[in-house]
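# Per-entry structural report
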Amino acid sequence: MQRKAGLYGPGLVALGLDPTRLILGLLPDATALLRAGVDALRCAGWGAVVLELGGNPAPLDLTASRRLALAAGASGVTPLLVRTHNARPAPSAAQTRWQVTTAPSPALEANAPGYPTLTLALLRQRGGVAGLDWTVEWNRDAGCFRPAAFPGTRFPLSGGRSRPSSEQADSGSEDAGWRIAI
Amino acid sequence: MPVGASPSESAPLVFIAKERGAFRLHALDADALAMGLTPGMPLADARARVPSLRTLPYDPASEARLLEKLADLCDRFTPMIEIAPPDGLLLDITGCAHLFGGGAALAHDALRLMHAQGMRTRAVRAVTPEAALALAQLDGTLRAGAVGDEATVRHLPLIALRAGTDALLALRRAGFVTIGDLADLPPAPLAARFGAGLVDARDRLLGRIDSRITPHRRLPPIYVEQRFAEPVAHVETMLMVLGDLLTLACEQLLERHQGGRCFLVRLYRSDGEMRVLTVETGQSVREPAGVLRLIREKIEALTDPLDPGFGFDLVRLAVPTVEPLGAAQPALDGDPARDVDITALLDRLAVRFGPGRLCRFVPRDTHIPDRASRLAPHGEKAPTAPAWEVASPDEPPLRPLILFDPPERVEAVAQVPDGPPRQFRWRGALHRIVRQEGPERIAPEWWRRPEGHAGNPGLTRDYYRVEDERGRRFWLFRHGLYERETAQPHWYVHGLFA
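Residues numbered from 1 in each chain as written. Chains lettered and ligands numbered in written order. Predicted model: local features only at pLDDT ≥ 70, side-chain atom pairs only at ≥ 80, totals over all residues. Heavy atoms only, no water.

Attention now moves to the overall build of chain A. Scanning chain A from terminus to terminus reveals four helices and nine strands. Its helices and strands in sequence order give chain A the pattern β-α-β-α-β-α-β-β-β-β-β-α-β, from N to C terminus. Across the 182 residues of chain A, 46% fall into the buried class. For chain A, the proportion of contacts with a sequence separation of at least 24, taken over those separated by at least 6, is 60%. A total of about 9100 Å² of accessible surface is found on chain A, and carbon and sulfur atoms cover 55% of it. (Helix = DSSP H or I, 4+ residues; strand = E, 2+ residues; numbered from the N terminus. Buried < 20%, exposed > 50% of the residue type's maximum accessible area, 1.4 Å probe, protein only. Contact = heavy atoms within 4.5 Å. Areas by Shrake-Rupley, 256 points an atom, 1.4 Å probe, with all protein chains shown as cover.)

Below, the structure is given as structure tokens:
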């Protein structure tokens with residue numbers, strides 16, 4: 001039996017996303033994934049294109065990320081490259097690099113786990129400040145991130161100072177069109 | 001299964017099948033026939049006569065496949081082909097013969113094609129398919145491609161009627177030997193004695209009733225082809241011609257207000273080989289450039305490359321699946337090509353990587369988490385799916401973003417009998433639980449289990465949403481109710497929350 005861990009439709013619904021508007025591409029290797037990613041980014045109809053790559057595959061180099069960035073620049077689609085499984089930061093043509101980790105959530109009644117809480121660390125930004133981090137929680141009903149509601153620890157999330165956070169483009173369900181998560 | 005231990009390659013070859021408990025000869029090669037063996041003879045007798053006999057088990061399925069392949073090869077002469085098992089092909093060449101220089105020339109071409117495939121065949125033309133088949137199978141005197149007229153049909157034995165054995169016996173007892181004996185009898189007494197079917201069969205054989213074949217492949221609604229006087233040996237040239245054919249086909253589609261969902265390209269090589277390229281699209285299309293691009297993708301993705309050999313002499317394009325498609329009108333506002341772009345992209349990716357690799361989530365009407373969501377491959381017709389269950393406001397996510405299939409076993413410490421978990425070990429790491437909520441009790445779908453109604457409904461699952469001290473959120477469940485369903489319930493992690 002093959003072990004699989006995959007995106008789960010009801011889980012997407014629970015985050016306020018519409019799974020029927022998501023096209024999932026399961027591609028055989030990193031080369032195919034990057035090629036399909038460039039093709040997808042040339043197409044202006046997407047809300048966002050998410051590419052998920054585990055580890056540190058050889059085809060993902062500066063050239064590959066430059067290709068993605070150029071294709072995205074022409075169409076205006078937001079590309080997100082999600083790297084998992086011990087990925088090392090590599091030179092890349094991306095605008096920003098974020099590190100997303102889970103954070104303890106503010107407990108609900110009866111010590112139940114609360115809303116999805118994440119720590120977003122801006123590791124790098126082209127021509128901008130970096131090294132900032134925010135702890136935010138995802139509000140499904142409003143469709144946006146809010147500063148996590150811990151008593152005493154408030155991180156102001158200053159809107160409009162930098163370009164919109166990539167994760168908002170990822171999770172916001174309001175933008176029209178289709179999506180691909182690869 | 002006896003497999004021939006052959007003394008030599010040239011020994012007579014027979015195919016054997018088990019009938020009434022004994023192996024009998026089913027089909028024989030020419031050498032075996034010449035030695036006096038006949039179909040239906042027991043294998044033991046045949047071996048006694050010809051000890052060097054080579055035998056192979058008779059495989060009706062592969063015989064049918066071979067016949068189908070030959071029928072597809074004959075496709076170059078006419079699209080109307082009927083397979084007449086066990087060994088006949090009927091071609092309706094009405095209106096096609098002039099393309100090959102007349103019926104006789106067409107028959108010669110067909111014989112040459114079959115010969116290239118290693119077949120020994122007879123070709124006969126006749127007014128009705130029944131007459132042609134009977135003459136080809138029963139009359140060895142006709143020369144190749146001859147036209148069987150009524151006079152030749154009259155010489156055929158009664159078996160040409162394809163009546164049942166009882167009817168044949170009755171006819172023989174009545175003193176009839178050939179079709180000619182029956183030909184001039186009035187139909188009414190004949191029908192009264194032997195049935196109306198026999199009169200019909202006789203009249204069809206003699207060409208008195210019009211009769212048509214039933215083609216084994218449904219004719220595609222749109223069908224264009226290009227023949228070459230000289231074989232084309234370059235794939236690029238062939239693709240150019242294909243582009244023209246696509247333009248023609250798309251014009252026809254436009255006239256019919258339809259679009260194609262499937263495009264079938266058949267490339268006939270001059271040496272008789274044929275290659276089929278099939279391209280399917282997620283939405284009906286009639287834009288030649290887009291389809292041609294898909295075909296190029298298909299050719300690039302072929303595992304064995306397209307080999308023109310000595311050249312293609314016929315390119316045929318069929319659109320077997322069409323759907324209504326109105327005229328495209330760009331929207332007044334914004335981007336006209338937005339959705340079209342995405343469909344074209346998905347078609348291209350599906351051709352390149354296979355349709356199974358592009359999926360969409362489809363909800364299923366069940367409360368079992370594993371089955372609640374399904375991945376439907378690209379191009380699948382979306383049935384009326386139930387809607388996704390919408391969460392109530394202000395509720396944290398109750399279903400994980402990532403689901404494990406199958407769930408992964410963990411070692412958990414929990415209160416007996418049904419307390420929440422305190423800590424668990426998963427993939428070698430210990431997680432101490434600081435927040436938890438549950439249980440959400442999910443009963444098994446007993447109606448899906450064999451014997452599920454009779455005291456074996458499956459184990460209940462108690463799901464807990466838990467969070468460890470570093471803020472990682474898991475979906476755990478206890479498999480089975482303590483002491484009621486199982487003595488020692490196991491714990492599993494089924495998913496991860498964002």
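Right, picking up where we left off after that structure.
Residue and element names in this part refer to chain B. Reading across from one edge, β8-β11-β9-β10 is the order of the four strands in this open sheet, with antiparallel pairing throughout. With one partner strand each, in any of the chains shown, β8 (222-232) and β10 (274-285) form the two edges of the open sheet. The mean inter-strand angle of the sheet, taken between neighbouring strand axes irrespective of direction, is 15°. Across the face of the sheet, helix α11 (residues 235-255) comes into contact with β8, β9 (258-269), β10 and β11 (312-324) while running at roughly 160° to β8. (Pairing = 2+ DSSP bridges. Axes fitted to C-alpha atoms, helices over the stretch in contact; angles between N-to-C directions.)

Of all the ten residues making up helix α5 (residues 129-138) of chain B, seven are buried; the element is thus mostly covered by neighbouring parts of the structure. Within α5(B), the full set of buried residues consists of B:Pro129, B:Ala131, B:Ala132, B:Leu133, B:Ala134, B:Leu135 and B:Ala136.

Chain-level statistics for chain A give a pLDDT mean of 75 and a share of 80% at 70 or above. Within the model, the stretch residues 151-182 of chain A combines pLDDT values under 50 with 79 contacts to residues more than four positions away or in other chains. (pLDDT = per-residue confidence, 0-100.)

If you walk through the whole model with that rule in mind, you get one cavity of 30 Å³ or more. In this structure, the largest cavity is lined by A:Gly114, A:Pro116, B:Pro397, B:Arg465, B:Arg473, B:Phe497 and B:Ala498. Within the lining of the largest cavity, the residues separate by chemical class into four nonpolar, one polar and two charged. (1 Å grid on protein atoms, 1.4 Å probe; cavity = no way out; pocket = protein on both sides within 12 Å on 5 of 7 lines; lining within 4 Å. Points joined across faces, edges and corners; volume = space filled by probe spheres on them. Nonpolar A, V, L, I, M, F, W, Y, C, P; charged D, E, K, R; others polar.)

So, about the pairing of β9(B). Residue and element names in this part refer to chain B. Summarising burial for β9: twelve of the twelve residues are buried, a large majority. In terms of strand pairing, β9 meets β11 through ten bridges, oriented antiparallel. Residue pairing across strands places Arg269 opposite Phe312, the latter belonging to β11. Taken together, the eight bridges between β9 and β10 define a ladder with antiparallel strand orientation. Paired with Cys262 across the bridge in β10 is Glu280. Hairpin geometry of β9 and β10 is characterised by an intervening segment of four residues between the two adjacent antiparallel strands and by a positive phi of about 100° at Gly272.

Residues and elements named next belong to chain B. Contact geometry for α11 and helix α12 (residues 288-301): axes closest at 9 Å, N-to-C directions at 140°. Between α11 and α12 the crossing geometry is right-handed. Contact residues: Glu236, Leu239, Leu242, Gly243, Leu246, Thr247 and Cys250 in α11; Pro288, Val291, Leu292, Ile295, Arg296 and Ile299 in α12. Grouping the constituent residues of the contact of α11 with α12 by class yields nine nonpolar, two polar and two charged. (Left-handed = near helix turned anticlockwise from the far one by under 90°.)

Residues and elements named next belong to chain B. Confidence in the prediction for chain B averages 84 pLDDT; 94% of positions are at 70 or higher. Taken together, the stretch residues 1-7 has pLDDT below 50 and engages in nine contacts with residues farther than four places along the chain or on a different chain. Here the predicted complex scores 0.59 on pTM and 0.79 on ipTM.

What follows concerns the interface of chain A and chain B. Across the contact, 54 residues belong to chain A and 56 residues belong to chain B. Inspection of the chain A/chain B interface yields one salt bridge. In this structure, B:Arg352 and A:Asp39 form a salt bridge, with 2.6 Å as the shortest nitrogen-oxygen distance. Where chain A packs against chain B, one counts 17 residue pairs in polar contact (both at pLDDT 80 or more). (Salt bridge = Lys/Arg side-chain N within 4 Å of Asp/Glu carboxyl O. Polar contact = N/O pair within 3.5 Å; in protein donor to acceptor, adjacent residues only side chain to side chain.)

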